[in-house]
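Survey of secondary and tertiary structure
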Amino acid sequence: MAGRYATALFDLAREGNAIDAVKADLDGFDALIAESSDLARLVRSPVFSADEQLQALAAVLDRAGIGGLAAKFLKLVTSNRRLFAVRDMAKAYRELVANHKGEATAEVTVAEQLKGDHLDALRAALKAVSGKDVDLNIKVDPTIIGGLVVKLGSRMVDTSLRTKLNAIRHAMKEAR
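Residues numbered from 1 in each chain as written. Predicted model: local features only at pLDDT ≥ 70, side-chain atom pairs only at ≥ 80, totals over all residues. Heavy atoms only, no water.

Topic: the pairing of strand 3 (residues 148-152)
Keep this limit in mind: The rule for pairing is simple: two strands pair if DSSP sees at least two bridges between them. Going along the chain from the N terminus, every DSSP run of H or I of four or more residues is numbered as a helix, and every run of E of two or more is numbered as a strand.
In this sheet, strand 3 lies alongside strand 1 (residues 103-110) in antiparallel orientation, the contact comprising 5 bridges. Counted as the bridge partner of Glu 107 is Lys 151 from strand 3. Relative to strand 4 (residues 155-158), strand 3 is paired through 4 bridges, and the arrangement is antiparallel. Within strand 4, the residue paired with Lys 151 across the bridge is Met 156. Between the end of strand 3 and the start of strand 4, which pair antiparallel, lie 2 residues, with Gly 153 showing a positive phi angle near 65 degrees.

This is the structure in structure tokens:
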């Protein structure tokens, strides 16, 4: 379902030359959901009626400065009682935009935030591997201790210290 909505939105955005504007607005709304537990509850909860969700959503969109096609899309999704899937729709839309532009998106998990030089080096390495410009989606997870986990398309490389320590622990158990 999320893919169908995202594809319809992408087609409309392409016709209106608003692909990047819609992407920016959806990314902004997705970030608001991630930051606000109240907004996340409004989006996910079936307890709220469509009218209640629509009124609250309109206020949030006005306050966030989200308008145009993205705002109309979000209101339509709300009217159709599909707001619970809006984050998946935004993700699917980002993938469509990346494919349209010949870009790839890599999900990178690191133990601590990367500095500018490291980000550039990582982007360059991933571009060399994939042959495409790579957009990085970085998550900070201190439990990996060090190293990084990179998911690019169907490939995954895990060089985290946590994984290496678990492999050593497993090897030592088998050696007994």
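Some thoughts on the packing of helix 2 (residues 19-35) against helix 5 (residues 68-79)
A packed helix pair is summarised by two numbers, namely the angle formed by the two axes and the spacing between the axes. Our working rule: The angle between two axes is taken between their N-to-C directions and runs from 0 to 180 degrees, where each axis is a line fitted to C-alpha atoms and a helix contributes only its stretch in contact. Roughly parallel means an angle under 35 degrees; roughly antiparallel means over 145; roughly perpendicular covers 65 to 115; every other angle is labelled oblique. Handedness of a crossing is defined here by the sense of rotation of the near helix relative to the far one, left-handed for an anticlockwise turn of less than a right angle and right-handed for a clockwise turn. Throughout, a contact is declared for two residues whenever any of their heavy atoms are within 4.5 Å. All amino acids are sorted into three groups, where Ala, Val, Leu, Ile, Met, Phe, Trp, Tyr, Cys and Pro are nonpolar, Asp, Glu, Lys and Arg are charged, and the leftover types, Gly among them, are polar.
Where helix 2 meets helix 5, the axes come as close as 8 Å, and the angle between the chain directions of the two elements is 50 degrees. Classified by the angle their axes make, helix 2 and helix 5 are oblique. Handedness of the helix 2/helix 5 crossing: right-handed. Residues Val 22, Asp 25, Leu 26 and Phe 29 of helix 2 form the contact with helix 5, whose participating residues are Leu 69, Ala 70, Phe 73 and Leu 74. Partitioning the contact of helix 2 with helix 5 into residue classes produces 7 nonpolar, no polar and 1 charged.

Considerations on the nonpolar core
Rules: In plain words, nonpolar cores are sets of buried Ala, Val, Leu, Ile, Met, Phe, Trp, Tyr and Cys residues tied together by side-chain atoms within 4.5 Å. Three exposure classes are used, based on accessible area relative to the maximum for each residue type with a 1.4 Å probe and protein chains only: buried under 20%, partly exposed in between, and exposed over 50%.
Of all hydrophobic cores here, the largest spans 32 residues; its most connected members are Val 22, Leu 26, Phe 29, Phe 73, Leu 74 and Tyr 93. Beyond its immediate stretch of four places on either side in the chain, Leu 26 contacts Leu 9, Phe 73, Leu 74, Ala 90 and Tyr 93. Ranked by size, the runner-up nonpolar core spans 12 residues in total, among them Ala 104, Ala 106, Leu 126 and Val 150.

Quick look at a nonpolar patch on the surface
Short version of the rule: Like charges within 9 Å and nonpolar side chains (Val, Leu, Ile, Met, Phe, Trp, Tyr) within 5 Å are joined into patches, using only residues over 30% in relative accessible area that form no salt bridge. Computed by Shrake-Rupley with a 1.4 Å probe, the accessible areas treat only the displayed protein chains as cover when residues are assessed. We define a salt bridge as a side-chain nitrogen of Lys or Arg found within 4 Å of a carboxyl oxygen belonging to Asp or Glu.
A surface patch of nonpolar side chains, amounting to about 480 Å² of accessible area, comprises Ile 145, Leu 161, Leu 165, Ile 168 and Met 172. Relative to the helices and strands, Ile 145 resides in the loop between strand 2 (133-140) and strand 3.

Here we look at the packing of aromatic side chains
So the rule is basically this: Each Phe, Tyr or Trp ring, with Trp reduced to its six-membered ring, pairs with another whose centre is within 6.5 Å; inter-plane angles below 30 degrees give stacked pairs, above 60 give edge-to-face pairs, and intermediate values give tilted ones.
Inspection of the entire model under this criterion finds 2 aromatic pairs. Relative to Phe 73, the ring of Tyr 5 has its centre 6.4 Å away and its plane inclined at 70 degrees; by these criteria the two rings are edge-to-face. With Tyr 5 in helix 1 (residues 2-15) and Phe 73 in helix 5, the pair connects residues that are 68 residues apart, well separated along the chain. Summarising the burial analysis for this pair, Tyr 5 and Phe 73 share the class buried.

Topic: the sheet that holds strand 3
The sheet built from 4 strands is open, its strands ordered 2-1-3-4 with mixed pairing. Either end of the sheet is taken by a strand with one partner, and the two such strands are strand 2 and strand 4. For this sheet, the mean inter-axis angle between neighbouring strands, taken without regard to orientation, is 15 degrees. Here 8 bridges tie strand 1 to strand 2, and the two strands are oriented parallel to one another. Note that in strand 2 the partner of Ala 106 across the bridge is Leu 136. Set on the sheet, helix 7 (residues 116-130) makes contact with strand 1, strand 2, strand 3 and strand 4; between it and strand 2 the angle comes to about 130 degrees.

Worth remembering: the numbers are spatial, not functional.
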